[in-house]
Amino acid sequence: MTNVPEPLLKRGVTAMDNAQYPDQAVGEPFADDHKMSLRNVNVFYGDKQAIFDVNIDIARNEVIAMIGPSGCGKSTLLRSINRMNDTVEGCVVSGELTLDGEDIYTAKMDPVALRARVGMVFQKPNPFPKSIYDNVAYGPRLHGLASRRAELDEIVETSLTRAGLWTEVKDRLDQPGTSLSGGQQQRLCIARAIAISPEMILMDEPCSALDPIATAKIEELITELSQNYTIAIVTHSMQQAARVSHRTAYFHLGHLIEVNETEKVFTAPEHELTEAYITGRFG
Ligand SMILES: Nc1ncnc2c1ncn2[C@@H]1O[C@H](COP(=O)(O)OP(=O)(O)O)[C@@H](O)[C@H]1O
Ligand SMILES: [Mg+2]
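Predicted model, so just to flag it, every value in this text is computed and none were measured.

**Here's the deal with the overall build of the protein**
Secondary structure summary: the protein contains 11 helices and 10 strands in total. Relative to its 283 residues, the protein shows a buried fraction of 51%. Considering only intrachain contacts with a sequence separation of at least 6, the fraction spanning at least 24 residues in the protein is 66%. Working note: accessible area of the protein is about 12,900 Å², and carbon and sulfur atoms make up 50% of it.

**With respect to the sheet that holds strand β2 (residues 48–59)**
Reading across the sheet, the four strands line up as β2-β1-β4-β5 and stay open at both edges, with antiparallel pairing between neighbours. Only two strands of the sheet have a single neighbouring strand rather than two, namely β2 and β5 (102–103). Of the pairings in the sheet, the one linking strand β4 (residues 91–99) to β5 comprises two bridges and is antiparallel in character. Across the sheet, the residue bridging to L99 is E102, located in β5.

**Some words on the site of ligand 1**
Taken together, 13 residues are adjacent to ligand 1, and K48, G71, K74, S75 and T76 come closest. The contact in question runs from an oxygen atom of ligand 1 to an N or O atom on the side chain of K74, over 2.8 Å. One of the side-chain nitrogen or oxygen atoms of S75 is found 2.8 Å away from an oxygen atom of ligand 1. Relative to its unbound accessible area of 560 Å², ligand 1 is 64% covered by the protein chains. When residues of the shell around ligand 1 are traced back to their parent elements, those giving at least two are β2 and α2 (74–81). With four residues, the single largest contributor to the shell around ligand 1 is α2.

Thresholds, definitions, all that
Think of each chain on its own: its residues are numbered from 1, step by step along the sequence as written. Lettering for chains starts from A, numbering for ligands starts from 1, and both go in the order in which the items are written. Residues qualify for local features only when their pLDDT is at least 70, as the model is predicted, and side-chain atom pairs are given and counted only at 80 or more; totals for whole chains, interfaces and linings, by contrast, use all residues. Where side-chain values are given, they derive from all heavy atoms of the structure, hydrogens and water being excluded. Secondary structure is summarised from DSSP: a helix means a run of H or I of at least four residues, a strand means a run of E of at least two, and numbering begins at the N terminus for each. Buried means the residue's accessible area, taken with a 1.4 Å probe over protein chains only, is under 20% of the maximum for its type, while exposed means over 50%, and partly exposed covers the values in between. Any two residues whose heavy atoms approach within 4.5 Å at even a single point are treated as in contact. Reported accessibility uses the Shrake-Rupley method at a 1.4 Å probe radius. Residues are deemed covered only where the shown protein chains occlude them. Strand pairing requires that DSSP identify at least two bridges connecting the strands. We call a residue near a given molecule or strand whenever any one of its heavy atoms falls within 4 Å of it. For the purposes of these results, a polar contact is taken to be a pair of N or O atoms within 3.5 Å, where, inside protein, one atom must be able to donate a hydrogen and its partner to accept one; residues adjacent in sequence count only when each atom of the pair is a side-chain atom.

Below, the structure written as structure tokens:
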């Protein structure tokens with residue numbers, strides 16, 4: 001292990017401790033056309049290291065699923081992709097993360113602009129305390145994407161349509177977003193993310209608060225959205241990863257253990273830790 005960062009060596013974490021983990025991300029990249037690349041990414045919360053030397057390329061229009069036991073660092077890694085970790089006190093990210101080849105951690109990268117390019121959908125639907133219309137119109141207004149009301153109306157309609165929610169809400173756009181069911185609220189949050197034309201969408205267990213029917217709708221939506229967006233989804237459901245993703249990445253105690261085509265990960269995993277997880281021996 002050549003990439004153990006200096007602070008870790010000082011704390012007595014040696015290459016030996018990491019010997020059981022693969023040195024680099026294994027498996028072939030999904031395609032050569034990388035949307036997001038992570039190189040030697042380490043994430044710390046104060047003294048505690050949550051992510052260890054992760055290398056991964058995410059292809060344009062790929063759906064990549066991130067799985068692994070609770071606490072293995074899936075959310076932490078996802079949040080470093082759009083610098084949401086900047087808002088977490090004491091959190092430090094090292095390594096190189098590039099979006100279309102551009103380093104997202106330089107001083108000239110505005111995190112607010114970055115989060116418009118790399119949108120995020122959270123575990124619990126979190127609509128703003130505003131109308132359905134205003135939830136979707138909020139971002140386009142903030143970023144000045146519409147000069148006239150008609151233009152804004154069109155963005156709202158298109159985003160809600162793409163999120164599979166338009167027919168259900170078109171006659172009640174002035175009602176509060178919170179008046180919708182949980183599954184509808186999550187689709188509203190997806191519409192809100194889409195409204196500012198992101199390039200990539202990060203989803204952190206987006207269905208964990210939803211019933212099976214609402215979950216199925218979100219999964220269908222993910223497949224549709226992948227035609228236009230690059231999607232990274234964290235899920236605790238292996239079935240969901242198998243249904244929606246092209247590739248699956250398995251994490252264990254902050255290490256990327258393997259990343260491969262989803263079918264391969266679930267039928268012929270390369271690493272024994274992955275196999276133990278998918279066969280239910282832990283997790
Ligand atoms: N804000 C935080 N401050 C300190 N430690 C944190 C924070 N968030 C997460 N962690 C720790 O980082 C590790 C990874 O957590 P997390 O990324 O939430 O894992 P997962 O999403 O896979 O369940 C865990 O040990 C967790 O306790
Ligand atoms: Mg999490």
